[in-house]
Amino acid sequence: MIDFSLLPMFITTVFILMIIPGVDMIYVSTNALSGGTKAGIASILGVSTGAYIHILGAAFGITAIFMVSDLAYTILKVIGAVYLAYIGYQILTSKSGLTNINPAQKKPLFNIYKKGVLTNFLNPKAALFTISFVPQFVNPEIAPIWSQVLILGIFIIIIMILTELPLVIFVGKISVYLKKSNKTSAILDKLLGFILISLAVKVLLSKKE
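Worth saying up front: this structure is predicted, and the values here are computed from it rather than measured.

**Some points on the overall build of the protein**
No. 1: If you tally the helices and strands in the protein, you get nine helices and zero strands.
No. 2: Listing every helix and strand of the protein by position from the N terminus yields α-α-α-α-α-α-α-α-α.
No. 3: In the protein, buried positions account for 47% of the 209 residues.
No. 4: Long-range contacts, defined here as pairs at least 24 residues apart, represent 86% of the contacts in the protein between residues at least 6 apart.
No. 5: As displayed, the protein offers around 10900 Å² of accessible surface, 73% of which is attributable to carbon and sulfur atoms.

**Focus: the environment of P166**
No. 1: Within the secondary structure, P166 is located in helix α8 (residues 145-178).
No. 2: With relative accessibility at 47%, the residue P166 sits in the partly exposed group.
No. 3: Along the backbone, P166 and T37 are 129 residues apart, and their C-alpha atoms lie at a distance of 10.0 Å.

**Focus on the confidence of the model for the protein**
No. 1: Confidence in the prediction for the protein averages 80 pLDDT; 78% of positions are at 70 or higher.
No. 2: Across residues 98-105 the pLDDT falls below 50, and counting only partners more than four positions away or on other chains, this stretch makes 18 contacts in the model.

**Focus: the packing of helix α2 (residues 23-35) against helix α3 (residues 37-59)**
No. 1: Interaxial distance between α2 and α3 falls to 6 Å at its minimum, and their mutual angle equals 155°. With respect to each other, α2 and α3 are oriented roughly antiparallel. Of the two elements, α2 crosses α3, and the hand of that crossing is right-handed. Contact with α2, carried on its side by D24, Y27, V28, N31, A32 and G35, involves T37, A39, G40, S43, I44 and V47 of α3 and no other residues of that element.

**A short note on a nonpolar patch on the surface**
No. 1: A contiguous nonpolar patch, built from F15, I16, L17, I19 and I20 and spanning about 450 Å² of accessible area, is present on the exposed surface.
No. 2: For I16, the location among the structural elements is in helix α1 (residues 7-18).

**Looking at the nonpolar core**
No. 1: Residues F10, V14, V134, V149, L152 and I156 are the most contacted members of the largest nonpolar core, which totals 33 residues.
No. 2: Within the residue set of this core, elements represented by two or more residues are α1, α2, α3, α7 (124-133) and α8.
No. 3: At nine residues, the largest contribution of residues to this core is made by α8.
No. 4: Discounting chain neighbours no more than four positions away, the residues touching F10 are F133, F137, L152, F155 and I156.
No. 5: By size, the runner-up hydrophobic cluster in this structure holds ten residues, among which are Y83, L122, L199 and A200.

**Topic: the packing of α3 against α7**
No. 1: Put simply, α3 and α7 touch, their axes get as near as 9 Å, and they point 45° apart. With respect to each other, α3 and α7 are oriented oblique. Where α3 crosses over α7, the two elements pack in a sense that is right-handed. Note on element contacts: α7 touches α3 through A126, A127, T130 and I131, opposite H54, I55 and A58.
No. 2: In the contact of α3 with α7, the residues fall into five nonpolar, two polar and no charged.

What counts and what doesn't
- Residues numbered from 1 in each chain as written.
- Predicted model: local features only at pLDDT ≥ 70, side-chain atom pairs only at ≥ 80, totals over all residues.
- Heavy atoms only, no water.
- Helix = DSSP H or I, 4+ residues; strand = E, 2+ residues; numbered from the N terminus.
- Buried < 20%, exposed > 50% of the residue type's maximum accessible area, 1.4 Å probe, protein only.
- Contact = heavy atoms within 4.5 Å.
- Areas by Shrake-Rupley, 256 points an atom, 1.4 Å probe, with all protein chains shown as cover.
- pLDDT = per-residue confidence, 0-100.
- Axes fitted to C-alpha atoms, helices over the stretch in contact; angles between N-to-C directions.
- Parallel < 35°, antiparallel > 145°, perpendicular 65-115°, else oblique.
- Left-handed = near helix turned anticlockwise from the far one by under 90°.
- Patch = residues over 30% accessible without salt bridge, like charges linked within 9 Å, V, L, I, M, F, W, Y side chains within 5 Å.
- Salt bridge = Lys/Arg side-chain N within 4 Å of Asp/Glu carboxyl O.
- Core = buried A, V, L, I, M, F, W, Y, C linked by side-chain atoms within 4.5 Å.
- Nonpolar A, V, L, I, M, F, W, Y, C, P; charged D, E, K, R; others polar.

Here's what the structure looks like:
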């Protein structure tokens with residue numbers, strides 16, 4: 001059970017935060033461009049799983065470590081930044097191109113899912129968001145805090161899926177047309193690669209607030 005009086009504000013705030021472009025949205029979009037709608041959906045399920053791992057960590061106190069330990073936060077931040085930079089580098093140096101992949105060469109959906117899990121899980125901002133934001137909407141007098149965090153986490157995942165799914169469907173459709181133009185695909189590959197590397201730098205330079 002949760003405090004339903006706080007739920008409208010919680011849902012509204014989460015929705016606003018979810019529509020702001022970030023690491024997850026970039027990852028989902030790039031996979032929708034490269035592999036179509038199915039790859040995009042696999043990406044959404046991946047980043048959603050990673051997000052719920054943070055929810056579990058917050059519920060049982062694991063994520064709190066990153067709030068009190070600068071070393072733990074720095075390690076997670078560096079690993080996350082390196083991972084994003086690696087994906088960006090792969091896109092920039094890929095001979096086949098991200099948005100010009102032959103259907104027979106498409107990545108297995110489970111691999112896309114796994115990378116999505118890592119993309120969210122290795123994002124230190126996602127961990128800090130969960131441990132600092134979600135507890136503000138729990139009421140210790142109603143039910144155990146951990147159970148309320150888990151329930152609110154489900155709402156976060158639902159909102160995440162509902163906000164990213166329309167994007168995936170749209171990008172998945174236009175990817176069909178983009179793949180017909182090698183020049184456009186090449187330009188888009190470079191742009192997406194630089195965006196991911198830029199995000200990696202941003203994560204690396206980020207500080208706990």
